[in-house]
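# Close look at the chain arrangement
Residues per chain, in single letters:
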Amino acid sequence: MNIRIQAPCPPRFHHKTPLILSRVSCSSEVVSHGVLQMEASSNVGNSSINISKHKRAFGWSHKQSLLLKQSLNKDSMPLRALMTSSTAQDTSASYVNDGKIGVLLLNLGGPETLDDVQPFLFNLFADPDIIRLPRLFRFLQKPLAQFISVARAPKSKEGYASIGGGSPLRQITDAQAKELRNALYEKNVPAEVYVGMRYWHPFTEEAIEQIKKDGVNKLVVLPLYPQFSISTSGSSLRLLESIFREDEYLVKMQHTVIPSWYQREGYIKAMANLIEKELKSFNRPEKVMIFFTAHGVPLAYVEEAGDPYKAEMEECVDLIMEELERRKINNPFTLAYQSRVGPVEWLKPYTDQTIIELGQKGVKSLLAVPISFVSEHIETLEEIDVEYKELALESGVEEWGRVPALGCEPTFIRDLADAVIESLPYVGAMAVSNLEARQSLVPLGSVEELLATYDSQRRELPAPVTVWEWGFTKSAETWNGRAAMLAVIVLLFLEVSTGEGFLHQWGVLPLQLPMFP
């Protein structure tokens, strides 16, 4: 299938448009091995993009158009195409015998025991890509992470206790790595596969050390997040960048990155397979609302920092529904975002609120699809299976089902192997001078160049007031609020660091706290 796209050339990013790495070349052609056909226009300012397949709204009917439901940026729009892997083996023949190949799978990580929960949470909240503090207050990143992790640990432990006392993420990811290695060997690509977690063992640093010991000199970095986000793939790549810069071996090692792969044919078909199978368990499959639920991110990440996550997520859902439509499955569907934390606004609609609204509108059968997760963990096993199921039944839903995470689903694993093979010609071939000129079938890039492209779009959130004014003014209230917030942070820091204070006396915090690392 060819998808015909009219796109501006060269790529141009509007400052409020989520960053999407360029994936189409600046000439009319059908990309080799692929399915993308495009026409370039030099009229960038007034460019328009026409996609032959209709887009859908994330609501009641699959027939509604996404273009009618959302406000598009007038200057640019994310470009994506469903990718095939039928010629993956052909692209790797001359690269297998030229060095030792490694594949680094990146994932979040999770506590394996209840004792791991608090230090895991500390690692999570100490990441500046998770909690973005103003530059002036960044020295408080670790103290604030310590406070939040200590405060949240008891409730989080309850959640992990309910799913067996720890996260199964490491076991599942290790199994995925093993199956991916086997799939690569079956395709005559002898490669070792490593697992690097961002916030728990095996840490990315541990995986890199093993990669060095094994003498790998060609590395494919593959985040296990289908869609790119600042807070997931972006955070892991930023850590990799810092590791690479400090190690002479890594500086010389050739590598490439597959930053997102939600549009790949194998992934789309694997998701459709799981959905089709679960629909059959309902009494009336054609009446089931397909409920895609994705991990949320703060709205500012998308609107201010240029995170492409929302755009990629919406297109991913659209591609899955197109695949289901080809199978004569035309169920209504919707997309919502879960797991929000704190008082700031996150991507909407929220999963819990959407479930209540669907129940009020008379939806009786709901099939939850965890769209941003490829492994089972607390957000699927506890948040979806327990909390959201209970909420749905209380809201009037009578039949509830949930599509399992992909795990080691064969179609999915084979497609990941094809993605790795297709990337091999580009290992070490990246250069700043030809980044925009060279086009690959899979979206590839070096760690440093991907982050440089992202950083060119990332902007500091503007301060609402830049000068202080005397009196009962909005400016004075703003600055007084900032001063009060700073005082609260300082007091919390003293409480956590000394183990003494009114929060301890009142029993809000335990009397003995672990010291900062």
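These remarks concern the structure in this document.

Reading the values: the criteria
- Residues numbered from 1 in each chain as written.
- Predicted model: local features only at pLDDT ≥ 70, side-chain atom pairs only at ≥ 80, totals over all residues.
- Heavy atoms only, no water.
- Pairing = 2+ DSSP bridges.
- Helix = DSSP H or I, 4+ residues; strand = E, 2+ residues; numbered from the N terminus.
- Axes fitted to C-alpha atoms, helices over the stretch in contact; angles between N-to-C directions.
- Contact = heavy atoms within 4.5 Å.
- Buried < 20%, exposed > 50% of the residue type's maximum accessible area, 1.4 Å probe, protein only.
- Phe/Tyr/Trp six-rings, centres within 6.5 Å; stacked < 30°, edge-to-face > 60°.
- Lys NZ or Arg CZ within 6 Å of the ring centre and 35° of its normal.
- Polar contact = N/O pair within 3.5 Å; in protein donor to acceptor, adjacent residues only side chain to side chain.
- Core = buried A, V, L, I, M, F, W, Y, C linked by side-chain atoms within 4.5 Å.
- Salt bridge = Lys/Arg side-chain N within 4 Å of Asp/Glu carboxyl O.

Two modes of strand pairing occur in sheets, parallel and antiparallel, and in both the strands are linked by backbone hydrogen bonds. Read across the sheet, 4 strands follow the order β5-β4-β6-β7 without closing on themselves; strand pairing throughout is parallel. The open sheet is flanked by β5 (191-197) and β7 (254-257), the only strands paired with a single partner. For this sheet, the mean inter-axis angle between neighbouring strands, taken without regard to orientation, is 20 degrees. As defined by bridge partners, strand β6 (residues 218-223) adjoins β7 across 4 bridges and the pair is classed as parallel. What sits directly across from Lys218, in β7, is Gln254. In the packing of helix α6 (residues 204-213) onto the sheet, contacts are made with β4 (101-107), β5 and β6, and the angle to β5 comes to roughly 155 degrees.

A few words on helix α3 (residues 117-125). Across the 9 residues that make up α3, a large majority, 7, are buried. Val117, Gln118, Phe120, Leu121, Phe122, Leu124 and Phe125 are the residues of α3 that are buried. Residues of α3 that are buried sit in contact with α4 (141-162).

Moving on to the packing of aromatic side chains. Tallying each qualifying case throughout the model produces 5 aromatic pairs. Ring plane angle 35 degrees and centroid distance 5.7 Å describe the contact between Trp261 and Phe412, whose orientation is recorded as tilted. Residue Trp261 is found in the loop between β7 and α9 (265-279), and its partner Phe412 is found in helix α14 (residues 410-423); the two are separated by 151 residues along the sequence. Of the two residues examined, Trp261 and Phe412, each falls in the buried class. Put simply, the rings of Trp261, Tyr267 and Phe412 pair up and form one aromatic cluster. The residue whose ring lies beneath Arg340 is Tyr350, and the NZ or CZ to ring-centre distance is 3.9 Å.

Secondary-structure assignment places Thr173 in helix α5 (residues 169-186). Of the polar contacts made by the side chain of Thr173, one reaches the backbone oxygen of Leu169; its length is 2.7 Å. The contacts of Thr173, once residues within four sequence positions are left out, are Asn107, Val195, Met197, Leu224 and Ser375.

Quick look at the nonpolar core now. Soluble globular proteins tend to pack their nonpolar side chains together in the buried interior. Ranked by internal contacts, the top residues of the largest apolar core, which has 66 residues, are Leu184, Tyr267, Ile275, Phe292 and Ile371. Judged by nonpolar contacts, the second largest core, of 20 residues, contains Ala126, Leu140, Tyr199 and Phe203.

This next bit is on the pattern of salt bridges. Overall, the coordinates contain 22 salt bridges when judged by the stated rule. Put simply, Asp174 and Arg170 hold a salt bridge, and the shortest N to O gap is 3.8 Å. Within this pair, Asp174 and its partner Arg170 are both found in helix α5, separated by 4 residues, close to a single helical turn. Take Asp174: its relative accessible area is 35%, and that puts it in the partly exposed class. Residue class for Arg170 comes out partly exposed when judged on its relative accessible area of 28%. Across the salt bridge formed by Arg245 and Glu241, the nearest N and O atoms sit 2.9 Å from each other.

In terms of residue burial, strand β8 (residues 289-295) counts as a mostly covered element, since 6 of its 7 residues are buried. In the sheet, β8 pairs with strand β10 (residues 365-370) via 5 bridges, with the strands oriented parallel. Among the inter-strand pairings, Phe292 is bridged to a residue of β10, identified as Val369. Summarising the sheet, β8 and strand β9 (residues 333-338) pair through 6 bridges and their orientation is parallel. When the bridges of β9 are listed, Ile290 appears paired with Phe333.

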